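# Structural description and commentary
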Amino acid sequence: QHLFALAVDEDPEVRKNVCRALVMLLEVRIDRLIPHMYSIIQYMLQRTQDSDENVALEACEFWLTLAEQPICKDVLTAHLVQLIPILVHGMRYSEIDIILLKDIPVGYGVPPGSVVPLWVLGRPPGFWGVPLAVGYPLGFWGTPLDFGVPLWVLGCPCGFWGAPQPRSPRPGKCSAAALDVLANVFREELLPHLLPLLKELLFHLEWVVKESGILVLGAIAEGCMQGMVPYLPELIPHLIRCLADRKALVRSIACWTLSRYAHWVVAQPPELYLKPLMTELLQRILDGNKRVQEAACSAFATLEEEACTELVPYLSFILDTLVFAFGKYQHKNLLILYDAIGTLADSVGHHLNQPVGPRVTQYHPVSSSVTCVIQCSPVPLPPCPQCLSSVATALQSGFLPYCEPVYQRCVTLVQKTLAQAMMYNQHPEQYEAPDKDFMIVALDLLSGLAEGLGGHVEQLVARSNIMTLLFQCMQDTMPEVRQSSFALLGDLTKACFVHVKPCIAEFMPILGTNLNPEFISVCNNATWAIGEICMQMGAEMQPYVPMVLN
């Protein structure tokens, strides 16, 4: 009762904290709120439209939290007719938003770091938890980074497309997040409330209104896909046209929304939607606006994952565009470009290597750029080695002209990190602890090279001390380092067992001690590496069986 008495306080700070308190109660003591739920929902409808932005943001959190509760449908269905228009209207940019999100052209005046990769915002570099490929052990990379995923899903207080802002997230993005989760609860039941609004918004003459409509369409894509299918033959061409809108914010949101419907696009005859969409997205990758570049590259990576070999007829055009973008993009957007190229390699596989000459030549800028980044970058850049690993796997022997400098850079990186770790362990007061993410990146790239090059990696291994370094990495205190080490051991066992065999007596006890389910990914990779060694050793494996079984 005391909380309700404060609900209409004139001080916005009080109203904000009332909303926050109700959200917390909804999470931990929903039973106390159920008798008052009608009144609470009506109150939150008002606060979602509050003139104070911070109050409106807290109120939007209520809908996100309510959507996770089992009672959501029962208590909210009757209020959808009020709630949906409020959320949709709240997704428009305010005048302040437009000023803060003014078009950012490409040029020297763009502050470095204005675009941040998702792994910085929501996922630390490290184990991603899924196989790199069928039959492959769990590795550092897992799947390509989900650059097409809206940042609100990651719970990140971000601005438009991921640039951290000095101010709070705007209510429009929170409204979009609320509509997204509600669409997954109500599904097609939401459409009678949305479709009349969408028809007006999407074709509106004012760009701010049209942009909000495109965002609405993207937000409901996952939850309402089945119900939207009859309208997509009309909407997809309209969205493709919006990619050429004069306003950069419209172009960028159209990129993201189209990526949300990529699965449907790919399922249709390619001449209808895939080819026009691909053509326009590639033009937007070379857009003069930095934000559009990022959105288009992210969307294209999603399209690559969905289309796979459907893109093979257009490879030359795609590669021309992506390689040209290397000369156009600045440092941070390069991360997303690397991801798009790596995803393309994963999607089309060996087709990337036909014919070898022209396409490998086209990929030379990729190889040299990534090598340069690994060598010179002050921070770990996961998408870059992942890109090279994917390209090496796809090109296989076609990657040979570029593999030696990359291989040597990785070996040097591992060696320097191990040396720095040794100095730190001996004299912690004199030396800093090394950043082992560098070493993990290098180990995983070496795994990718071994998988992609197969037996061709043998000469590189013969001319290096990688087996000695691997022995040290396998005993590292950091589980992620051991995990990547065992993955590399398995790949080297498959590719050039002649260099692994002399080390088996030293490696097997280490592998045996890491069969510990407490570190599931380490255990998984150690098990896989033992299996690969068994297949190569045959009957010679018998002396090591007891230490593995025990």
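Because the structure is predicted, anything quoted here is derived from the model rather than measured.

Turning our eyes to something else, we now look at the overall build of the chain. On a plain count of helices and strands, the chain comes out with 31 helices and zero strands. The buried share of the chain, reckoned over its 550 residues, is 56%. Partitioning the contacts of the chain with sequence separation of at least 6, the portion at a separation of at least 24 is 74%. Accessible area of the chain: about 23300 Å², with a carbon and sulfur share of 57%.

Further remarks concern the pattern of salt bridges. With the rule as written, the count across this model stands at 14 salt bridges. Across the pair Glu58 and Arg20 runs a salt bridge whose closest N-O atoms are separated by 2.8 Å. You can see Glu58 sitting in helix α5 (residues 53–66) and its partner Arg20 sitting in helix α2 (residues 12–28), a full 38 residues away along the chain. Classification of Glu58 as buried rests on a relative accessible area of 14%. Overall, the relative accessible area of 34% leaves Arg20 in the partly exposed class. Between Glu280 and Arg284 there is a salt bridge, with its nearest N and O atoms 2.6 Å apart. A residue pair is termed a helical-turn pair when its members lie 3 or 4 positions apart in one helix, as Glu280 and Arg284 do in helix α17 (residues 274–285) at four residues. Grouping residues by exposure puts Glu280 and Arg284 together as buried. One network of salt bridges, with partners in common, ties together Arg251, Glu280, Arg284 and Asp287.

Next up on the list: helix α24 (residues 437–453). Helix length check: α24, at 17 residues, gives a terminal C-alpha distance of 24 Å against a target of 24 Å (1.5 Å per residue), a fit within 8%. For α24, a buried count of 15 out of 17 residues is recorded, marking the element as mostly surrounded by other parts of the structure.

Next up on the list: the packing of aromatic side chains. Scanning the model with the defined rule gives five aromatic pairs in all. On the basis of an interplanar angle of 40° and a centroid distance of 6.5 Å, the ring pair of Tyr93 and Trp207 is categorised as tilted. Linking Tyr93 in the loop between α7 (80–90) and α8 (95–100) with Trp207 in helix α12 (residues 207–219), this pair joins segments that are 114 residues apart in sequence. Exposure remark for Trp207: the relative accessible area of 17% places this residue in the buried category. The residue whose ring lies beneath Arg482 is Phe519, and the NZ or CZ to ring-centre distance is 5.6 Å.

Another aspect to go through is the environment of Leu235. Residue position: Leu235 is located in helix α14 (residues 232–242). Contacts of Leu235, omitting those with residues within four sequence positions, involve Leu202, Leu217 and Met228.

Position of His238 among the secondary structure elements: in helix α14. Judged by relative accessible area, His238 falls into the buried class, the value being 8%. In contact with His238, other than residues within four places in its own chain, are Leu202 and Phe203.

This brings us to the packing of α7 against helix α11 (residues 191–202). Direction vectors running N to C along α7 and α11 enclose 25°, while the axes themselves pass 9 Å from each other. The orientation of α7 with respect to α11, classified from their angle, is roughly parallel. The interaxial crossing formed by α7 with α11 has right-handed handedness. Between α7 and α11, the residues in contact are Leu80, Val81, Ile84, Pro85 and Val88 and His193, Leu194, Leu197 and Leu201, respectively. Taken together, the residues of the contact of α7 with α11 sort by class into eight nonpolar, one polar and no charged.

Before going further, it helps to examine the confidence of the model for the chain. Averaged over every residue, the pLDDT of the chain is 81; residues scoring 70 or more account for 80%. pLDDT under 50 marks residues 356–382. Its contacts with residues more than four places away, or in other chains, come to 61 contacts.

You can see Thr48 is positioned in helix α4 (residues 37–48). Here the side chain of Thr48 touches Met44 through a polar contact of 2.6 Å, landing on its backbone oxygen. Ignoring anything within four residues of it in the chain, the contact list for Thr48 reads Ala56, Ala59, Cys60, Trp63, Ile86 and Leu87.

For Arg187, which is not glycine, the phi dihedral falls at a positive 50°. Relative to the helices and strands, Arg187 resides in the loop between α10 (171–186) and α11. Take Arg187: its relative accessible area is 38%, and that puts it in the partly exposed class. Phi is positive for Cys308, close to 50°, though the residue is something other than glycine. Secondary-structure assignment places Cys308 in the loop between α18 (290–307) and α19 (315–326).

Taken N-terminus to C-terminus, the directions of α18 and helix α20 (residues 331–348) make an angle of 15°; their axes are 9 Å apart at the nearest point. Taken as axis vectors, α18 and α20 run roughly parallel relative to one another. Like other packed secondary-structure pairs, α18 and α20 cross with a definite hand, here left-handed. For the pair formed by α18 and α20, the contact residues are Lys290, Gln293, Glu294, Cys297, Ser298, Ala301, Glu304 and Glu305 on the first element and Asn333, Ile336, Leu337, Asp339, Ala340, Thr343, Leu344 and Ser347 on the second. Taken together, the residues of the contact of α18 with α20 sort by class into six nonpolar, five polar and five charged.

Counting residues in each nonpolar core, the largest one holds 168 residues, and the members touching the most others are Phe62, Trp63, Leu76, Ile220, Ile236, Phe399 and Leu511. When residues of this core are assigned to domains, at least three map to each of domain 1 (1–101 + 170–228) and domain 2 (401–547). The residues contacting Leu76, other than those within four sequence positions of it, are Ile41, Trp63, Leu66, Leu83, Leu182 and Phe186.

Moving on, we come to a nonpolar patch on the surface. Taken together, the side chains of Ile96, Ile99 and Leu100 define a hydrophobic patch exposed on the protein surface, amounting to about 300 Å² of accessible area. Tracing the backbone through its elements, the reader meets Leu100 in helix α8. What makes Leu100 partly exposed here is its relative accessible area of 45%.

With that out of the way, let us pick up the state of the cysteines. Under the counting rule described, the total for this entry stands at zero disulfides. Free of any disulfide, Cys174 has its nearest cysteine sulfur in Cys60, 5.5 Å distant. A relative accessible area of 12% means that Cys174 is categorised as buried.

The rules behind these values
- Residues numbered from 1 in each chain as written.
- Predicted model: local features only at pLDDT ≥ 70, side-chain atom pairs only at ≥ 80, totals over all residues.
- Heavy atoms only, no water.
- Helix = DSSP H or I, 4+ residues; strand = E, 2+ residues; numbered from the N terminus.
- Buried < 20%, exposed > 50% of the residue type's maximum accessible area, 1.4 Å probe, protein only.
- Contact = heavy atoms within 4.5 Å.
- Areas by Shrake-Rupley, 256 points an atom, 1.4 Å probe, with all protein chains shown as cover.
- Salt bridge = Lys/Arg side-chain N within 4 Å of Asp/Glu carboxyl O.
- Expected span 1.5 Å × (residues − 1).
- Phe/Tyr/Trp six-rings, centres within 6.5 Å; stacked < 30°, edge-to-face > 60°.
- Lys NZ or Arg CZ within 6 Å of the ring centre and 35° of its normal.
- Axes fitted to C-alpha atoms, helices over the stretch in contact; angles between N-to-C directions.
- Parallel < 35°, antiparallel > 145°, perpendicular 65-115°, else oblique.
- Left-handed = near helix turned anticlockwise from the far one by under 90°.
- Nonpolar A, V, L, I, M, F, W, Y, C, P; charged D, E, K, R; others polar.
- pLDDT = per-residue confidence, 0-100.
- Polar contact = N/O pair within 3.5 Å; in protein donor to acceptor, adjacent residues only side chain to side chain.
- Core = buried A, V, L, I, M, F, W, Y, C linked by side-chain atoms within 4.5 Å.
- Domains from an automatic or database assignment.
- Patch = residues over 30% accessible without salt bridge, like charges linked within 9 Å, V, L, I, M, F, W, Y side chains within 5 Å.
- Disulfide = S-S within 2.5 Å.

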